[in-house]
Amino acid sequence: MTAFKSDVINRVSYQVNGADLSVLQAGKVGNPVALLIHGIPANALLWTKVIEALSAQGYFVVAPDLPGFGETKVTDKSQYGIQASANLLNDWIIAQGWKNIWLVAHDIGGGVAQGLMVANEAVFQKATISNAITADTWPVPAMQGLIDAANAQQFEIAAESGMLAEQLAPLVRATFVNQQQITDEVLETVFLDSKLNTETGRVKFAHLLRSLTNEDTLANMEALKNVNLIWAMQDPNQPWEGPGSILLNTFKNVTVNKIKQAGHFLQIDAEKEYLNLLLS
(Lines give C-alpha, C1' and ligand atoms only; values in the text may rest on other atoms or scores of the structure.)
Protein backbone atom coordinates (compact mmCIF):
# COMPACT_ATOMS: atom_id res chain seq x y z
CA MET A 1 0.00 0.00 0.00
CA THR A 2 1.29 3.44 -0.87
CA ALA A 3 2.31 5.63 2.05
CA PHE A 4 -0.07 8.29 0.73
CA LYS A 5 -3.21 6.21 0.29
CA SER A 6 -5.73 7.27 2.93
CA ASP A 7 -9.32 6.34 3.61
CA VAL A 8 -10.00 9.64 5.41
CA ILE A 9 -8.31 12.26 3.21
CA ASN A 10 -10.00 13.78 0.18
CA ARG A 11 -8.65 16.24 -2.38
CA VAL A 12 -10.98 19.18 -2.94
CA SER A 13 -10.65 22.19 -5.24
CA TYR A 14 -11.68 25.67 -4.09
CA GLN A 15 -12.08 28.61 -6.47
CA VAL A 16 -10.37 31.64 -4.95
CA ASN A 17 -9.75 34.87 -6.89
CA GLY A 18 -9.54 32.96 -10.16
CA ALA A 19 -7.17 30.37 -8.70
CA ASP A 20 -7.95 26.66 -8.40
CA LEU A 21 -6.70 25.97 -4.86
CA SER A 22 -6.15 22.22 -4.44
CA VAL A 23 -6.60 21.11 -0.84
CA LEU A 24 -6.20 17.85 1.05
CA GLN A 25 -8.86 17.71 3.73
CA ALA A 26 -10.28 15.35 6.32
CA GLY A 27 -12.71 15.47 9.20
CA LYS A 28 -16.20 16.83 9.62
CA VAL A 29 -17.07 20.22 8.19
CA GLY A 30 -18.04 22.44 11.10
CA ASN A 31 -15.46 20.98 13.47
CA PRO A 32 -12.59 23.22 14.65
CA VAL A 33 -10.33 24.01 11.68
CA ALA A 34 -6.65 23.10 11.49
CA LEU A 35 -4.85 24.72 8.55
CA LEU A 36 -1.54 23.09 7.55
CA ILE A 37 0.90 24.99 5.30
CA HIS A 38 3.82 23.18 3.66
CA GLY A 39 7.16 24.55 2.50
CA ILE A 40 9.66 24.08 -0.33
CA PRO A 41 10.20 21.77 -2.17
CA ALA A 42 7.35 19.75 -0.63
CA ASN A 43 3.64 19.71 -1.38
CA ALA A 44 0.60 19.16 0.85
CA LEU A 45 1.22 15.39 0.94
CA LEU A 46 3.99 16.20 3.44
CA TRP A 47 1.16 16.43 6.00
CA THR A 48 -0.53 13.07 5.27
CA LYS A 49 0.03 11.50 8.70
CA VAL A 50 -0.67 14.80 10.45
CA ILE A 51 -3.97 15.23 8.60
CA GLU A 52 -5.04 11.75 9.67
CA ALA A 53 -4.02 12.30 13.30
CA LEU A 54 -5.65 15.72 13.71
CA SER A 55 -8.89 14.68 12.01
CA ALA A 56 -9.05 11.71 14.41
CA GLN A 57 -8.87 14.23 17.25
CA GLY A 58 -11.96 16.05 16.00
CA TYR A 59 -10.48 18.69 13.70
CA PHE A 60 -11.57 19.61 10.21
CA VAL A 61 -8.12 19.60 8.63
CA VAL A 62 -7.21 21.45 5.43
CA ALA A 63 -3.79 21.35 3.76
CA PRO A 64 -3.53 23.35 0.52
CA ASP A 65 -0.92 23.02 -2.17
CA LEU A 66 0.55 26.52 -2.26
CA PRO A 67 0.68 28.29 -5.64
CA GLY A 68 3.54 26.78 -7.62
CA PHE A 69 3.20 23.39 -5.93
CA GLY A 70 1.20 20.21 -6.39
CA GLU A 71 -2.19 20.50 -8.06
CA THR A 72 -3.01 24.16 -7.33
CA LYS A 73 -3.40 26.26 -10.46
CA VAL A 74 -3.30 30.05 -10.70
CA THR A 75 -3.86 32.24 -13.73
CA ASP A 76 -2.18 35.39 -12.43
CA LYS A 77 1.58 35.45 -11.87
CA SER A 78 1.05 37.95 -9.06
CA GLN A 79 -0.44 35.09 -6.98
CA TYR A 80 2.98 33.44 -6.57
CA GLY A 81 5.27 34.16 -3.61
CA ILE A 82 5.17 34.29 0.18
CA GLN A 83 2.94 37.31 0.73
CA ALA A 84 0.85 36.56 -2.36
CA SER A 85 0.17 33.06 -1.01
CA ALA A 86 -0.77 34.55 2.36
CA ASN A 87 -3.18 36.93 0.63
CA LEU A 88 -4.76 34.09 -1.35
CA LEU A 89 -5.20 31.89 1.73
CA ASN A 90 -6.58 34.83 3.71
CA ASP A 91 -9.24 35.45 1.07
CA TRP A 92 -10.04 31.72 1.10
CA ILE A 93 -10.41 31.74 4.90
CA ILE A 94 -12.68 34.79 4.77
CA ALA A 95 -14.83 33.20 2.05
CA GLN A 96 -15.22 30.03 4.13
CA GLY A 97 -16.08 32.01 7.26
CA TRP A 98 -13.64 30.07 9.43
CA LYS A 99 -12.75 31.28 12.93
CA ASN A 100 -10.62 29.97 15.81
CA ILE A 101 -8.23 28.27 13.40
CA TRP A 102 -5.23 26.23 14.51
CA LEU A 103 -2.46 27.28 12.13
CA VAL A 104 0.35 24.74 11.59
CA ALA A 105 3.21 25.68 9.29
CA HIS A 106 6.69 24.62 8.16
CA ASP A 107 9.59 26.05 6.13
CA ILE A 108 8.42 28.79 3.72
CA GLY A 109 4.92 27.86 4.86
CA GLY A 110 5.98 29.46 8.13
CA GLY A 111 6.61 32.66 6.20
CA VAL A 112 3.15 32.40 4.66
CA ALA A 113 1.74 31.81 8.16
CA GLN A 114 3.44 34.93 9.48
CA GLY A 115 1.83 36.94 6.69
CA LEU A 116 -1.55 35.41 7.51
CA MET A 117 -1.24 36.20 11.21
CA VAL A 118 -0.35 39.80 10.49
CA ALA A 119 -3.20 40.22 8.00
CA ASN A 120 -5.96 38.49 9.94
CA GLU A 121 -4.80 37.64 13.45
CA ALA A 122 -8.32 37.49 14.91
CA VAL A 123 -9.25 34.26 13.09
CA PHE A 124 -6.38 32.23 14.56
CA GLN A 125 -6.78 30.59 17.96
CA LYS A 126 -3.24 29.21 18.07
CA ALA A 127 -0.27 28.56 15.85
CA THR A 128 2.47 25.94 15.64
CA ILE A 129 5.53 26.73 13.54
CA SER A 130 8.41 24.38 12.77
CA ASN A 131 11.80 24.98 11.13
CA ALA A 132 10.46 27.97 9.28
CA ILE A 133 11.95 30.89 7.45
CA THR A 134 11.72 34.30 9.02
CA ALA A 135 13.22 37.73 8.50
CA ASP A 136 16.36 37.33 6.33
CA THR A 137 17.27 33.75 7.30
CA TRP A 138 16.56 32.63 3.74
CA PRO A 139 16.93 31.76 0.94
CA VAL A 140 19.44 29.07 1.82
CA PRO A 141 22.10 28.36 -0.84
CA ALA A 142 20.26 25.43 -2.46
CA MET A 143 17.08 27.48 -2.78
CA GLN A 144 18.99 30.48 -4.06
CA GLY A 145 20.49 28.27 -6.74
CA LEU A 146 17.01 27.30 -7.92
CA ILE A 147 15.89 30.93 -7.83
CA ASP A 148 18.92 31.98 -9.88
CA ALA A 149 18.22 29.23 -12.43
CA ALA A 150 14.61 30.36 -12.74
CA ASN A 151 15.59 34.00 -13.14
CA ALA A 152 18.05 32.99 -15.85
CA GLN A 153 15.28 31.03 -17.64
CA GLN A 154 17.28 27.83 -17.08
CA PHE A 155 15.16 26.04 -14.46
CA GLU A 156 12.73 24.39 -16.86
CA ILE A 157 15.53 23.28 -19.18
CA ALA A 158 17.55 21.75 -16.33
CA ALA A 159 14.45 20.11 -14.83
CA GLU A 160 13.35 18.57 -18.13
CA SER A 161 16.82 17.16 -18.71
CA GLY A 162 16.75 15.33 -15.37
CA MET A 163 19.73 17.26 -14.05
CA LEU A 164 17.78 18.98 -11.27
CA ALA A 165 16.31 15.71 -10.01
CA GLU A 166 19.83 14.31 -9.78
CA GLN A 167 20.92 17.37 -7.78
CA LEU A 168 17.83 17.88 -5.63
CA ALA A 169 17.30 14.27 -4.53
CA PRO A 170 20.55 13.98 -2.53
CA LEU A 171 20.01 17.45 -1.04
CA VAL A 172 16.59 16.39 0.29
CA ARG A 173 17.91 13.05 1.54
CA ALA A 174 20.73 14.84 3.37
CA THR A 175 18.22 16.78 5.49
CA PHE A 176 16.95 13.55 7.08
CA VAL A 177 18.50 12.09 10.23
CA ASN A 178 16.44 8.90 10.00
CA GLN A 179 17.27 7.86 6.45
CA GLN A 180 14.78 4.99 6.43
CA GLN A 181 12.02 7.61 6.44
CA ILE A 182 13.00 9.15 3.11
CA THR A 183 12.00 6.30 0.81
CA ASP A 184 12.04 6.58 -2.96
CA GLU A 185 8.25 6.90 -2.88
CA VAL A 186 8.33 9.75 -0.36
CA LEU A 187 11.07 11.52 -2.32
CA GLU A 188 9.21 11.25 -5.61
CA THR A 189 5.69 11.95 -4.34
CA VAL A 190 6.31 14.77 -1.85
CA PHE A 191 9.49 16.50 -3.02
CA LEU A 192 10.18 15.97 -6.73
CA ASP A 193 6.68 15.38 -8.16
CA SER A 194 5.26 17.46 -11.00
CA LYS A 195 7.58 20.43 -10.39
CA LEU A 196 10.27 18.42 -12.18
CA ASN A 197 8.31 15.75 -14.03
CA THR A 198 5.71 17.65 -16.06
CA GLU A 199 5.86 20.71 -18.28
CA THR A 200 3.00 22.41 -16.43
CA GLY A 201 4.59 21.68 -13.06
CA ARG A 202 7.95 23.03 -14.19
CA VAL A 203 6.38 26.26 -15.46
CA LYS A 204 4.43 26.77 -12.21
CA PHE A 205 7.42 26.12 -9.99
CA ALA A 206 9.65 28.42 -12.04
CA HIS A 207 7.08 31.22 -11.61
CA LEU A 208 7.07 30.56 -7.87
CA LEU A 209 10.86 30.65 -7.65
CA ARG A 210 11.03 33.98 -9.47
CA SER A 211 8.54 35.41 -6.95
CA LEU A 212 10.38 34.45 -3.77
CA THR A 213 11.89 37.29 -1.74
CA ASN A 214 12.77 37.68 1.92
CA GLU A 215 11.33 41.19 1.79
CA ASP A 216 7.99 39.51 2.55
CA THR A 217 9.18 38.03 5.84
CA LEU A 218 11.25 41.03 6.87
CA ALA A 219 8.09 43.15 6.62
CA ASN A 220 6.22 40.93 9.10
CA MET A 221 8.65 40.92 12.01
CA GLU A 222 6.96 43.66 14.01
CA ALA A 223 3.53 42.07 14.47
CA LEU A 224 3.59 38.32 14.98
CA LYS A 225 1.18 36.24 17.02
CA ASN A 226 2.14 34.01 19.95
CA VAL A 227 3.04 30.51 18.80
CA ASN A 228 4.28 27.12 19.80
CA LEU A 229 7.61 26.28 18.18
CA ILE A 230 8.41 22.63 17.45
CA TRP A 231 11.94 22.54 16.09
CA ALA A 232 14.09 19.79 14.59
CA MET A 233 17.55 20.35 15.98
CA GLN A 234 19.58 18.79 13.17
CA ASP A 235 18.35 21.05 10.42
CA PRO A 236 21.08 22.28 8.05
CA ASN A 237 18.69 24.73 6.38
CA GLN A 238 16.78 26.49 9.18
CA PRO A 239 18.78 25.81 12.37
CA TRP A 240 17.56 26.77 15.81
CA GLU A 241 20.44 29.24 16.20
CA GLY A 242 19.07 31.24 13.28
CA PRO A 243 15.32 31.48 12.67
CA GLY A 244 14.37 29.51 15.78
CA SER A 245 16.06 31.92 18.14
CA ILE A 246 14.78 34.92 16.16
CA LEU A 247 11.20 33.71 16.50
CA LEU A 248 11.74 32.90 20.18
CA ASN A 249 12.82 36.49 20.80
CA THR A 250 10.05 37.97 18.62
CA PHE A 251 6.93 36.42 20.11
CA LYS A 252 5.58 37.77 23.39
CA ASN A 253 4.57 34.35 24.69
CA VAL A 254 6.11 31.29 23.11
CA THR A 255 6.50 27.65 24.04
CA VAL A 256 9.36 25.65 22.61
CA ASN A 257 9.72 21.92 21.99
CA LYS A 258 12.88 20.57 20.40
CA ILE A 259 13.32 17.25 18.61
CA LYS A 260 16.97 16.27 18.85
CA GLN A 261 17.04 13.43 16.34
CA ALA A 262 15.34 15.03 13.37
CA GLY A 263 16.24 17.05 10.33
CA HIS A 264 14.34 19.70 8.41
CA PHE A 265 11.29 17.67 7.36
CA LEU A 266 10.41 16.59 10.89
CA GLN A 267 6.83 15.61 10.01
CA ILE A 268 8.30 12.59 8.21
CA ASP A 269 11.77 12.31 9.76
CA ALA A 270 10.43 12.13 13.35
CA GLU A 271 6.77 11.38 12.63
CA LYS A 272 5.75 9.93 16.01
CA GLU A 273 7.60 12.45 18.17
CA TYR A 274 6.34 15.35 16.09
CA LEU A 275 2.73 14.16 16.34
CA ASN A 276 3.05 13.60 20.09
CA LEU A 277 4.31 17.17 20.58
CA LEU A 278 1.72 18.61 18.22
CA LEU A 279 -1.12 16.95 20.10
CA SER A 280 0.22 17.45 23.63
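About the criteria used
Residues numbered from 1 in each chain as written. Predicted model: local features only at pLDDT ≥ 70, side-chain atom pairs only at ≥ 80, totals over all residues. Heavy atoms only, no water. Salt bridge = Lys/Arg side-chain N within 4 Å of Asp/Glu carboxyl O. Helix = DSSP H or I, 4+ residues; strand = E, 2+ residues; numbered from the N terminus. Buried < 20%, exposed > 50% of the residue type's maximum accessible area, 1.4 Å probe, protein only. Pairing = 2+ DSSP bridges. Arc of directions from axis to C-beta. Contact = heavy atoms within 4.5 Å. Axes fitted to C-alpha atoms, helices over the stretch in contact; angles between N-to-C directions. Right-handed = clockwise from strand over helix to strand, strands pointing away. Polar contact = N/O pair within 3.5 Å; in protein donor to acceptor, adjacent residues only side chain to side chain. Parallel < 35°, antiparallel > 145°, perpendicular 65-115°, else oblique. Left-handed = near helix turned anticlockwise from the far one by under 90°.

Chemist: Teacher, can you tell me more about the pattern of salt bridges here?
Modeler: Oppositely charged side chains may form a pair once their charged atoms are brought near each other. As enumerated under the stated definition, the model contains five salt bridges in all. Between Glu 52 and Lys 49 there is a salt bridge, with the nearest N and O atoms lying 4.0 Å from each other. One end of the pair, Glu 52, and the other, Lys 49, are both in helix H1 (residues 48–56), three residues apart, so they sit about a helical turn from each other. Residue classification places Lys 49 among the partly exposed residues on the basis of a relative accessible area of 36%. A salt bridge links Arg 173 to Asp 184; the nearest nitrogen and oxygen atoms lie 2.5 Å apart. Remark: Asp 184 occurs in helix H7 (residues 184–197) and Arg 173 occurs in helix H6 (residues 163–174); sequence separation between them is eleven residues. Through salt bridges that share partners, Arg 11, Asp 65 and Glu 71 make up one connected network.

Chemist: Got a minute to help me understand the pairing of strand E7 (residues 227–232) in this structure?
Modeler: Looking down a regular strand, the side chains alternate between one sheet face and the other. Burial analysis of E7 places six of its six residues in the buried class, the great majority of the element. Residue alternation in E7 divides its side chains into two sets, Val 227, Leu 229 and Trp 231 and Asn 228, Ile 230 and Ala 232, and both sets are buried. Taken together, the two bridges between strand E6 (residues 124–132) and E7 define a ladder with parallel strand orientation. For Ile 129, the partnering residue across the bridge sits in E7 and is Leu 229.

Chemist: Where do I start with helix H10 (residues 240–250) in this structure?
Modeler: Along an α-helix, residues three or four positions apart point the same way, because every turn accommodates 3.6 residues. Trp 240, Pro 243, Gly 244 and Leu 247 are the residues of H10 that are buried. Viewed along the axis of H10, the buried residues span an arc of 120°, placing them on a single side of the element. Residues of H10 that are exposed and point more than 90 degrees away from the buried face comprise Glu 241 and Asn 249. On the buried face of H10, the contacting elements are helix H3 (108–120), E6, E7 and strand E8 (254–259).

Chemist: Which parts of the structure should I look at to understand helix H12 (residues 271–279)?
Modeler: Here H12 has its buried residues at Tyr 274, Leu 275, Leu 277 and Leu 278. In a view along the axis of H12, the buried residues occupy a sector of 165°, so they form one face of it. Opposite its buried face, H12 presents the exposed residues Lys 272 and Asn 276, each directed more than 90 degrees away. Considering only its buried residues, H12 is in contact with H1, strand E5 (101–107), E6, E7, E8 and helix H11 (266–269).

Chemist: Looking at this model, I keep getting lost on the sheet that holds strand E4 (residues 60–64). Mind explaining?
Modeler: Strand pairing in a sheet relies on backbone hydrogen bonds, with the paired strands running either antiparallel or parallel. Strand order across the open sheet formed by eight strands is E1-E2-E4-E3-E5-E6-E7-E8, with mixed pairing between neighbours. Each edge of the open sheet carries a strand with a single partner, namely strand E1 (10–16) and E8. Each strand of the sheet is rotated relative to its neighbour by a mean of 20°, with strand direction disregarded. Here E5 runs beside E6; their pairing, made up of seven bridges, is parallel. Residue Trp 102 lies in a different strand from E6, and its bridge partner there is Lys 126.

Chemist: Looking at this structure, I do not really get the side chain of Ser 85. What am I missing?
Modeler: By the secondary structure assignment, Ser 85 is in helix H2 (residues 82–96). Residue Ser 85 is classed as buried on the basis of its relative accessible area of 2%. Discounting chain neighbours no more than four positions away, the residues touching Ser 85 are Leu 66, Pro 67, Gln 79 and Val 112.

Chemist: Whenever I open this one, the pairing of E8 confuses me. Can you help?
Modeler: By the bridge criterion, six bridges tie E7 to E8 in an arrangement that is parallel. Pairing of Trp 231 across the sheet is with Lys 258, part of E8. In terms of handedness, the path from E7 via H10 over to E8 forms a crossover that is right-handed.

Chemist: Explain the side chain of Ser 55 here, please?
Modeler: Within the secondary structure, Ser 55 sits in helix H1. In terms of polar contacts, Ser 55 uses its side chain to reach the backbone carbonyl oxygen of Ile 51, at 3.0 Å. A distance of 3.0 Å separates a polar atom in the side chain of Ser 55 from the backbone oxygen of Glu 52. The residues touching Ser 55, leaving out its near neighbours within four places in the chain, are Val 8, Ala 26, Gly 27 and Val 61.

Chemist: What is the right way to read the packing of H2 against H3 from this model?
Modeler: When two helices pack together, their arrangement is given by the angle between the helix axes and by the axis-to-axis distance. Taken N-terminus to C-terminus, the directions of H2 and H3 make an angle of 55°; their axes are 8 Å apart at the nearest point. Considered as vectors, H2 and H3 are oriented oblique to each other. In the crossing of H2 with H3, the sense of the turn from one axis to the other is right-handed. The residues of H3 that touch H2, namely those facing Ile 82, Gln 83, Ser 85, Ala 86, Leu 89, Asn 90, Ile 93 and Ile 94, are Ile 108, Gly 111, Val 112, Gly 115, Leu 116, Ala 119 and Asn 120.

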